[in-house]
Amino acid sequence: MVNGESVFCYPAETHMSMSTFRTMLENPAPDDAVPYLSEQDNNFVKSFPDLRRDIDSSIPLADEAFGCVPEATNIWIGDERSVSSLHKGIYCL
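From a predicted model like this one, the values you see are computed outputs, not experimental measurements. (Residues numbered from 1 in each chain as written. Predicted model: local features only at pLDDT ≥ 70, side-chain atom pairs only at ≥ 80, totals over all residues. Heavy atoms only, no water.)

K.L.:
Would you mind going over the overall build of the protein chain in detail, with residue names and values included?
P.N.:
If you tally the helices and strands in the protein chain, you get four helices and two strands. Along the protein chain, helices and strands appear, N-terminal first, in the series α-β-α-α-α-β. In the protein chain, which comprises 93 residues, the share counted as buried stands at 15%. Of all intrachain contacts in the protein chain linking residues separated by at least 6 positions in sequence, the fraction that spans at least 24 positions is 65%. (Helix = DSSP H or I, 4+ residues; strand = E, 2+ residues; numbered from the N terminus. Buried < 20%, exposed > 50% of the residue type's maximum accessible area, 1.4 Å probe, protein only. Contact = heavy atoms within 4.5 Å.)

K.L.:
Run through the nonpolar core, naming residues and quoting values.
P.N.:
Membership of the largest hydrophobic core is limited to six residues, which are Phe21, Leu25, Leu37, Phe44, Phe48 and Ile75. Filtering out sequence-adjacent residues up to four positions away, Phe48 remains in contact with Leu37, Asn43 and Ile75. (Core = buried A, V, L, I, M, F, W, Y, C linked by side-chain atoms within 4.5 Å.)

K.L.:
Let's hear about a nonpolar patch on the surface: which residues, and what values?
P.N.:
A cluster of nonpolar residues, Val34, Tyr36 and Trp76, forms a patch on the protein surface that exposes about 290 Å² of accessible area. Position of Tyr36 among the secondary structure elements: in the loop between α1 (18-26) and β1 (37-38). (Patch = residues over 30% accessible without salt bridge, like charges linked within 9 Å, V, L, I, M, F, W, Y side chains within 5 Å. Areas by Shrake-Rupley, 256 points an atom, 1.4 Å probe, with all protein chains shown as cover. Salt bridge = Lys/Arg side-chain N within 4 Å of Asp/Glu carboxyl O.)

Next up, the structure:
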């Protein structure tokens, strides 16, 4: 809250090559930011079409656990320093 009003803050975003991102994950420097890739809205399908060709569109264990085929697939990449403290949402078609 700021001055008694609720506010929403977007996370900082930095665009970099995947090779730079991988280097930051594999060789963390004490003064570097904590790198992680996290997006919503079906980002795996939209942002990583080359990887998608190598992954089955359905994972039976997940389909059974959710009771349906999820309508969106998101990818999250980080290391032990990358912590998501809040996540919500399982939506099925």
